[in-house]
Amino acid sequence: MRNTTFSKLMQGVWTALCFMIGFWAIQWALLFLCIFGNMLLCLMRGEPMGAMGEVNAGMQVFVTIASTIILALIFSFSGALRLSDLRFKGLSLKQWALLIVALVAMSQGFSILTEFLKLPDLIEEIVQEILDMPLGVLAIAIIGPIGEELAFRSGIIGKLKRMGWRDASAIWVSAIAFGVVHLNPTQIFYATILGLFLGWVYVRTKSVIPCMVLHIVNNSVSVIGSYCMDDPTISAAEYYGTIGAVVVMICCLVLFGGLFWYFLKPQIKAMEPSDVAIPFMKE
């Protein structure tokens, strides 16, 4: 019995690692293609390469958009994306409102907590450069979340559940993988928390659609917030004051906890899962 459990655990971990490696591989391959193409163009023009071999905001935007398209195609033609993940009965306006409020409260609360932990942000400058580009805003706010939900909710959780994993275990594995894949210390903690929340939504609704919507809302709130502030790099402690930041953090986390407790009740009517794949997908 122990051998069977251990084998099942290792299969699940290996599945998550494969999705992570695949996610990284697609992005790094596209990034290398951008760098190589940039250097080749520079050589053809007879210009000194200088910063041509460095990663810039435009490359990151291209990688985000292209990798999402590639992921969608791979998932579609491999049969990993199933019809049940794309069908959604819908939530009431009240349920949507409460989920979004819970998400925003969680985002603000844990963001402030992350600041207090003083985790380094390795991509802060390039993110600001990306937000100066209209296509960059689209990539961060909409396209990126779609690709990540395909990989980590529909991909990892969906696969683990089909392997017989329990909901909670599949959600945790997916959330940890989602956090680690960001490779940025200040994002890993919150991304894991967000992964737990979105994984729970995925399991409750049996659809990746609400996960995509909520992930888009999460990123869009961050983008809008950066535009509304005179200095996007200012910390919550500097903006509210240390005591004010602590009060805001506690209020947000209490609000999130209360709403999450409310949704632990059977408020969401889950769609019955379907074993039917989209016609051009393989079983």
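Rules used throughout
- Residues numbered from 1 in each chain as written.
- Predicted model: local features only at pLDDT ≥ 70, side-chain atom pairs only at ≥ 80, totals over all residues.
- Heavy atoms only, no water.
- Axes fitted to C-alpha atoms, helices over the stretch in contact; angles between N-to-C directions.
- Helix = DSSP H or I, 4+ residues; strand = E, 2+ residues; numbered from the N terminus.
- Parallel < 35°, antiparallel > 145°, perpendicular 65-115°, else oblique.
- Left-handed = near helix turned anticlockwise from the far one by under 90°.
- Contact = heavy atoms within 4.5 Å.
- Nonpolar A, V, L, I, M, F, W, Y, C, P; charged D, E, K, R; others polar.
- Salt bridge = Lys/Arg side-chain N within 4 Å of Asp/Glu carboxyl O.
- Buried < 20%, exposed > 50% of the residue type's maximum accessible area, 1.4 Å probe, protein only.
- Phe/Tyr/Trp six-rings, centres within 6.5 Å; stacked < 30°, edge-to-face > 60°.
- Polar contact = N/O pair within 3.5 Å; in protein donor to acceptor, adjacent residues only side chain to side chain.
- Expected span 1.5 Å × (residues − 1).
- Arc of directions from axis to C-beta.
- Core = buried A, V, L, I, M, F, W, Y, C linked by side-chain atoms within 4.5 Å.

(A) Representation of the packing of helix α8 (residues 185-205) against helix α9 (residues 209-228). The contact between α8 and α9 brings their axes to 9 Å, and the two run at 150 degrees. Classified by the interaxial angle, the pair formed by α8 and α9 is roughly antiparallel. You can see that α8 and α9 cross each other, and the crossing is right-handed. Each of Tyr190, Leu194, Phe197, Leu198, Val201, Tyr202 and Thr205 in α8 lies in contact with α9, whose residues at this interface are Pro210, Cys211, Leu214, His215 and Asn218. Here the contact of α8 with α9 is composed, by residue class, of nine nonpolar, three polar and no charged.

(B) Spatial organisation of the pattern of salt bridges. Scanning the entire structure with this criterion turns up two salt bridges. Of the charged contacts, one joins Glu149 and Arg153 as a salt bridge, the two residues approaching to 2.7 Å between their closest N and O atoms. One end of the pair is Glu149 and the other is Arg153, both in helix α6 (residues 134-162) and four residues apart, which spans about a single turn. Each member of the pair, Glu149 as well as Arg153, carries the same accessibility label: buried.

(C) Structural detail: the environment of Val101. When you line up the elements, Val101 lands in helix α4 (residues 93-116). Separated by 155 residues in the primary sequence, Val101 and Phe256 have C-alpha atoms spaced 7.8 Å apart. Sequence-distant contacts of Val101, defined by excluding residues within four places in its chain, comprise Leu255 and Leu259.

(D) Expanded view of the packing of aromatic side chains. Applying the stated criterion across every chain, the model contains nine aromatic pairs. Aromatic pair Phe32 and Phe36: ring centres 6.2 Å apart, planes at 20 degrees, arrangement stacked. Remark: Phe36 and Phe32 occur in helix α1 (residues 2-44); sequence separation between them is four residues, near one turn of the helix. On the accessibility criterion, Phe32 (57% relative accessible area) is exposed. An aromatic cluster is defined as three or more aromatic residues linked by ring pairs; in this entry it consists of Phe197, Trp200, Phe256 and Phe260.

(E) Quick look at unusual backbone geometry. Not every positive phi belongs to a glycine, and Leu183 is a case in point at roughly 60 degrees. Assignment of secondary structure puts Leu183 in the loop between α7 (167-180) and α8. Look at Lys206: it is not a glycine, yet its phi comes out positive at around 55 degrees.

(F) Summary view of the side chain of Thr15. The topology assignment puts Thr15 in helix α1. Within polar-contact distance, the side chain of Thr15 engages the backbone oxygen of Gln11 at 2.8 Å. In contact with Thr15, other than residues within four places in its own chain, are Lys159, Leu160 and Met163.

(G) Geometry of helix α11 (residues 242-263). Between its terminal C-alpha atoms α11 stretches 32 Å, which fits the 32 Å expected from 22 residues at 1.5 Å a residue. Of all the positions in α11, only Ala245, Met249, Cys252, Phe256, Leu259 and Phe263 are classed as buried. Axial view of α11: buried residues confined to an arc of 110 degrees, hence all on one face. Residues of α11 that are exposed and point more than 90 degrees away from the buried face comprise Ile243, Val254 and Trp261. For α11, the elements touching its buried residues are α4, α8 and α10 (236-240).

(H) Representation of the nonpolar core within the structure. Residues Met106, Phe152, Ile156, Phe197 and Leu214 are the most contacted members of the largest nonpolar core, which totals 57 residues. Listed by contribution, the elements that provide at least two residues to this core are α1, α2 (57-78), α4, α6, α7, α8, α9 and α11. Looking at this core element by element, the count peaks at 11 residues for α8. Sequence-distant contacts of Ile156, defined by excluding residues within four places in its chain, comprise Ala16, Phe19, Ala151, Val173, Ser174 and Ala177. Residues Ala57, Val61, Ile65 and Ile130 belong to the second largest nonpolar core, which totals seven residues.

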